[in-house]
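Okay, here's what each chain looks like letter by letter:
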Amino acid sequence: MCSPKPTVLVAEKLGEAGVNLLKQFADVDCSYNLTSKELCTKISLCDALIVRSGTKVSREVFESSGGRLKVVGRAGVGIDNVDLAAATEHGCLVVNAPTANTVAAAEHGIALLTAMARNISQADASLKAGKWLRNKYVGVSLVGKTLAVMGFGKVGSEVARRAKGLGMHVIAHDPYAPADRARATGVELVSFDEAIASADFISLHMPLTPATNKILNDETFAKMKKGVRIVNVARGGVIDEDALVRALDAGIVAQAALDVFTVEPPKDSKLVQHENVTATPHLGASTMEAQEGVAIEIAEAVVGALNGELAATAVNAPMVPAEVLSELKPFVALAEKLGRLAVQLVAGGSGVKSVKVIYGSARAPDDLDTRLLRAMITKGLIEPISSSFVNLVNADFTAKQRGLRIAEERSLLNGSLESPLEFIQVQISSVDSKFASALSDSGEIRVEGRVKDGIPHVTKVGSFEVDVSLEGSIILCRQVDQPGMIGKVGSILSEENVNVSFMSVGRIAPRKHAVMAIGVDEEPTKESLKRIGEIPAVEEFVYLKI
Ligand SMILES: NC(=O)C1=CN([C@@H]2O[C@H](COP(=O)(O)OP(=O)(O)OC[C@H]3O[C@@H](n4cnc5c(N)ncnc54)[C@H](O)[C@@H]3O)[C@@H](O)[C@H]2O)C=CC1
Ligand SMILES: O=C(O)C(=O)COP(=O)(O)O
């Protein structure tokens, strides 16, 4: 029998508090040191995967999951070991634990900086080998020296604060960091060239991206002060390691202290064995405190994501603050239902390519984040007509892949600022409709909805005003407006024991055309739908599953 609990694969050592937290909610499989093949085999039985930096979560892993894998949790910061594009394409959320190991990484950076400056590891090894070399291991002082912090993010800024405490003159380079935040720490932001040319010490704290890959190379080493010292607790790949060996041999770089390597564990020992290199095996985040913190942070994020909550630390989906989310929640449901409604009104054979969404709101345009709503409209539009599974993670990607363009517009209203939205309107242009009355005067399918008492309602179909809660399924029916129509349709449905939850009639003018919208709790049989269609005054009708 299938277990009702989700299964979480923990593929690398995770703090006990995190594992215990996961166990309250899921079946937890702690399997370390899996080969890529073993991981690919296991993953098809897992709903979530938790890794650190030692596991490559490649495209193959997502492909092998057969759609079951919903969340990858990175128990740490760097997500360069996770194929984010593949995760997004497979609708798999990636979350990380971005804050719990910041101080540990910064402290390790400072530990390496000071250990390197005073030859601690070399002197220790020499003493243990029975030598007493006091003249060989004369170090350099830190006070008054210039430290360039490359990447002034969470770790970089903590390193900067600590280095200032050691009496160093700290500058930083970070193209995206706000200058006032740097200034508040007493650090000047400078250009890349200025940073590397004026530094006595360089400490690397940027993520590994295509732009930072091998950012320290033969050319940039040549621009540095002779005798510069380098610390790397970021990612090995930001340094061209062969170029670093050459720079060390040439004396351009006097010393390097490295916690991270392009390939881990490093295959080529030339760098690690170099006598001017101090090396640790990726220990930046490895303190008792950081590992417990990271484990709890990631376990909470993964459990939340498996419960359908939007993760605050999502890496490949919009992060929606809790207060914004609770405000938008009923509109999220409305958005999906309007998408479902609109697409079911399209006549078979018309490809849906162009959709316009209008958000009616009294709030200023930048006070409404529509990414969540757009994703849910996309889900509503695509899921009824395909086998794709669409969620917040892959909505934009899936729409793009299907050639579906979604344009968004704001209609600024004068109403109350209390609610984030008054209405959402979905238009599908250049298609035929199986319910001609859903077409507006300008020829596109148009449905509009509002939230009433927390429940989504459709309030407009084409040019007809209706009012039906979008809870079960609905029958839309256009007829010549005349007495007795509601009774006729209602009695056909009651004969079938179909419960009518809601009924509303929208008409252009008395005794002309009207559109009747009927909400039903059960699915009517084909026969009863046929009988509704045969009522003489009925001109067209459609049954829609919401
Ligand atoms: N050795 C270890 O165990 C650990 C390593 N790390 C690594 O440390 C690095 C920094 O982590 P956090 O500070 O938490 O990340 P963060 O995202 O807070 O900071 C990174 C900073 O780098 C900047 N940046 C991006 N591109 C840049 C470029 N081309 N030049 C200069 N700066 C650039 C960003 O604007 C950002 O301010 C990451 O690579 C992370 O993976 C983090 C924790 C532990
Ligand atoms: O958080 C990070 O980016 C790290 O590099 C820490 O890696 P780890 O979790 O110790 O494998």
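Residues numbered from 1 in each chain as written. Chains lettered and ligands numbered in written order. Predicted model: local features only at pLDDT ≥ 70, side-chain atom pairs only at ≥ 80, totals over all residues. Heavy atoms only, no water.

- As recorded in an unreviewed UniProt entry, the protein chain goes by the name D-3-phosphoglycerate dehydrogenase, listed as coming from Anisodus tanguticus.
- Taken from UniProt, the Catalytic activity (unreviewed entry) comment for the protein chain reads in full: "(2R)-3-phosphoglycerate + NAD(+) = 3-phosphooxypyruvate + NADH + H(+)".
- Check the Subcellular location (unreviewed entry) section of the UniProt entry for the protein chain; it says "Plastid, Chloroplast". (UniProt positions renumbered as here; feature names shortened; annotations may be inferred.)

### Quick notes on the site of ligand 2
Next, step 1: Neighbouring residues of ligand 2: R52, S53, R74, A75, G76, V77, G78, N101, R235, H282 and A285.
Next, step 2: Taking V77, its main chain carries an N or O atom lying 2.6 Å from an oxygen atom of ligand 2.
Next, step 3: Here an oxygen atom of ligand 2 and a side-chain polar atom of H282 are 2.6 Å apart.
Next, step 4: Expressed as a share of its isolated accessible area of 320 Å², the protein-covered part of ligand 2 is 91%.
Next, step 5: Residues that form the shell around ligand 2 fall into these classes: 3 nonpolar, 5 polar and 3 charged. (Near = heavy atom within 4 Å. Polar contact = N/O pair within 3.5 Å; in protein donor to acceptor, adjacent residues only side chain to side chain. Areas by Shrake-Rupley, 256 points an atom, 1.4 Å probe, with all protein chains shown as cover. Nonpolar A, V, L, I, M, F, W, Y, C, P; charged D, E, K, R; others polar.)

### As for the sheet that holds strand β22 (residues 538-545)
Next, step 1: In spatial order, the strands read β20-β21-β19-β22; together these 4 strands make up an open sheet with antiparallel pairing. Whereas interior strands pair on both sides, the edge strands pair on one side only; in this sheet they are β20 (500-507) and β22. The mean angle between the axes of side-by-side strands here comes to 15 degrees, regardless of whether they run parallel or antiparallel.
Next, step 2: Sheet topology places strand β19 (residues 473-480) next to strand β21 (residues 513-520); 8 bridges connect them, and they run antiparallel. Paired with L476 across the strands is A517, a residue of β21. (Pairing = 2+ DSSP bridges. Helix = DSSP H or I, 4+ residues; strand = E, 2+ residues; numbered from the N terminus. Axes fitted to C-alpha atoms, helices over the stretch in contact; angles between N-to-C directions.)

### Things to note about the sheet that holds strand β9 (residues 201-204)
Next, step 1: The strand order across the open sheet formed by 7 strands is β8-β7-β6-β9-β10-β11-β12, and the pairing between neighbours is parallel. Since the sheet does not close on itself, it has two edges, and those belong to β8 (188-189) and β12 (277-279), each with one partner.
Next, step 2: Alignment of strand β6 (residues 146-150) against β9, held across 4 bridges, turns out to be parallel. Across the sheet, V149 pairs through a bridge with S203, a residue of β9.
Next, step 3: Running at roughly 170 degrees to β6, helix α7 (residues 154-165) makes contact with β6, β7 (169-173) and β9 of the sheet. (Contact = heavy atoms within 4.5 Å.)

### Description of the packing of helix α1 (residues 16-23) against helix α13 (residues 288-306)
Angle between the axes and distance between the axes are the two parameters that describe a pair of packed helices.
Next, step 1: Across the interface, α1 lies against α13 with an axial gap of 7 Å and an inter-helix angle of 20 degrees. Accordingly, the angle class assigned to the pair α1 and α13 is roughly parallel. Between α1 and α13 the crossing geometry is right-handed. On α13, the residues touching E16, A17, G18, L21 and L22 of α1 are E292, A295, I296, A299, E300, V302 and V303.
Next, step 2: Of the residues in the contact of α1 with α13, the class split is 8 nonpolar, 1 polar and 3 charged. (Parallel < 35°, antiparallel > 145°, perpendicular 65-115°, else oblique. Left-handed = near helix turned anticlockwise from the far one by under 90°.)

### Details of the site of ligand 1
Next, step 1: Near ligand 1 there are 25 residues, and of these K154, V155, D174, V233 and D259 occur at the shortest range.
Next, step 2: Contact between ligand 1 and M206: an oxygen atom at 3.0 Å from a main-chain N or O atom of the residue.
Next, step 3: V233 has a polar backbone atom sitting 3.0 Å from a nitrogen atom of ligand 1.
Next, step 4: Protein contacts shield 88% of the accessible area of ligand 1, which totals 860 Å² for the unbound molecule.

### Some thoughts on the environment of M116
Next, step 1: Note that M116 resides in helix α5 (residues 102-117).
Next, step 2: Separated by 51 residues in the primary sequence, M116 and S65 place their C-alpha atoms 45 Å from one another.
Next, step 3: For M116, the contacting residues outside a window of four places in its chain are F201, R229, I230, V231, Q255, A256, A257 and T278.

### Remarks on the side chain of H205
Next, step 1: Residue position: H205 is located in the loop between β9 and α10 (218-222).
Next, step 2: Polar side-chain contacts of H205 include one of 2.7 Å to the side chain of S203.
Next, step 3: Those residues within four positions of H205 in sequence are excluded, and the remaining contacts are V149, M150, G151, V155, G156, V159, V233 and A234.

### Some thoughts on unusual backbone geometry
Among all residues except glycine, the phi angle is most often negative; among peptide bonds, the trans geometry is most common.
Next, step 1: Cis peptide bonds are those with omega within 30 degrees of zero, and the linkage from E264 to P265 qualifies with -10 degrees.
Next, step 2: With respect to the helices and strands, P265 occurs in the loop between β11 (253-258) and α12 (269-273).
Next, step 3: With a phi close to 60 degrees, S430 is a non-glycine residue in the positive phi region.
Next, step 4: Position of S430 among the secondary structure elements: in the loop between β15 (423-429) and β16 (445-452).

### As for the pattern of salt bridges
Next, step 1: Following the criterion strictly, the structure yields 26 salt bridges and no others.
Next, step 2: Close ionic contact of E534 with K530 constitutes a salt bridge, the shortest N to O distance being 3.5 Å. With a gap of 4 residues between them, E534 and K530 both fall in helix α18 (residues 526-534), about one helical turn apart.
Next, step 3: On the accessibility criterion, K530 (48% relative accessible area) is partly exposed. (Salt bridge = Lys/Arg side-chain N within 4 Å of Asp/Glu carboxyl O. Buried < 20%, exposed > 50% of the residue type's maximum accessible area, 1.4 Å probe, protein only.)

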